[in-house]
Amino acid sequence: QVQLVESGGGVVQPGGSLRLSCAASERISGIFVMGWFRQATGKERELVAVITNAGETSYAEFAKGRFTISKDYARTTFFLQMNSLKPEDTAVYYCNRNPPRPEMWGQGTQVTVSS
């Protein structure tokens, strides 16, 4: 089964930017929807953005205009460019298929937005 590894998180000041990466152990083939999710402390995991095999994208309301999801041509890496970060964006960010498959959750990458 495909393994996913997230990276690129860190500590950034409000208004800053980060680019998250999700590396798949093999090419995601066929028709698919991949998503970025996040979970803040004490809150449920929520969907941030999705991208289809055709490159169509969709965003949660809070992400519109600030975040951009993309994928590489080889379909092995997925990205989340996050701009104009806010303290409320602080969370662990994960990638997975959408709807998510339990066996594909990785460790996530921590994003902390703080001055």
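As a reminder, the structure under discussion sits directly above these lines.
In short, a report on the structure. Along every chain, residues carry numbers that run from 1 in the direction the sequence is written. Residue-level local features of this predicted model are given only where pLDDT is at least 70; pairs of side-chain atoms are given and counted only at 80 or more, and the full residue set underlies all totals for whole chains, interfaces and linings. Calculation of side-chain values draws on the structure's entire complement of heavy atoms; hydrogens and water are dropped beforehand.

So, on to the nonpolar core. Residues Trp36, Leu80, Met82 and Tyr93 are the most contacted members of the largest nonpolar core, which totals 27 residues. Helix and strand assignments follow DSSP, with helices taken as H or I runs no shorter than four residues and strands as E runs no shorter than two, numbered in order from the N terminus. Every element with two or more residues in this core is listed here: strand S3 (18-24), strand S4 (33-39), strand S5 (46-52), strand S7 (67-71), strand S8 (77-82), strand S9 (91-97) and strand S10 (109-113). Counting residues per element, this core draws most heavily on S3, at four residues. By nonpolar core is meant a set of buried Ala, Val, Leu, Ile, Met, Phe, Trp, Tyr and Cys residues that side-chain atoms within 4.5 Å join together. Exposure is judged per residue with a 1.4 Å probe applied to protein chains only, and the accessible area is read against the type maximum: over 50% gives exposed, under 20% gives buried, and values in between give partly exposed.

Our focus in this paragraph is the side chain of asparagine 96. One can find asparagine 96 in strand S9. Of note is the side chain of asparagine 96, whose polar atom sits 3.0 Å from the backbone oxygen of arginine 101. What makes two residues a contact is simply this: any of their non-hydrogen atoms within 4.5 Å. Asparagine 96 has contacts with Leu4, Val33, Met34, Gly35, Phe37, Arg101, Met104 and Trp105, leaving out every residue within four places of it along the chain. Definition of a polar contact: a pair of N or O atoms within 3.5 Å, with one able to donate and the other able to accept a hydrogen when the atoms are protein atoms, and with sequence-neighbouring residues admitted only if both atoms are side-chain atoms.

Centre distance and the angle of the planes are the two values used to describe a pair of aromatic rings. Each Phe, Tyr or Trp ring, with Trp reduced to its six-membered ring, pairs with another whose centre is within 6.5 Å; inter-plane angles below 30 degrees give stacked pairs, above 60 give edge-to-face pairs, and intermediate values give tilted ones. Scanning all chains against the criterion turns up three aromatic pairs. With 5.7 Å between their ring centres and 80° between their planes, tyrosine 94 and tryptophan 105 make a pair best called edge-to-face. Within this pair, whereas tyrosine 94 is found in strand S9, its partner tryptophan 105 is found in the loop between S9 and S10, the two being separated by 11 residues in sequence. A residue is classified by how much of its surface remains accessible, and tyrosine 94, at 11% relative accessible area, is buried. Residue class for tryptophan 105 comes out partly exposed when judged on its relative accessible area of 27%. Connected via pairs of aromatic rings, a cluster forms that spans Phe37, Tyr94 and Trp105.

The next point concerns the sheet that holds S7. Taking strand neighbours across the sheet as the criterion, the four strands line up as S1-S3-S8-S7 in an open arrangement whose pairing is antiparallel. What marks the edges here is a single partner per strand, and that holds for strand S1 (4-7) and S7. Pairs of neighbouring strands in the sheet enclose a mean axial angle of 15°, with direction left out of account. Strands qualify as paired when DSSP identifies two bridges or more between them. Pairing of S1 with S3 involves four bridges; the strand directions are antiparallel. Its bridge partner being in S3, glutamate 6 is matched across the sheet by cysteine 22. Fitted lines through C-alpha atoms give the axes, limited to the stretch in contact for helices. The angle between two N-to-C directions lies from 0 to 180 degrees.

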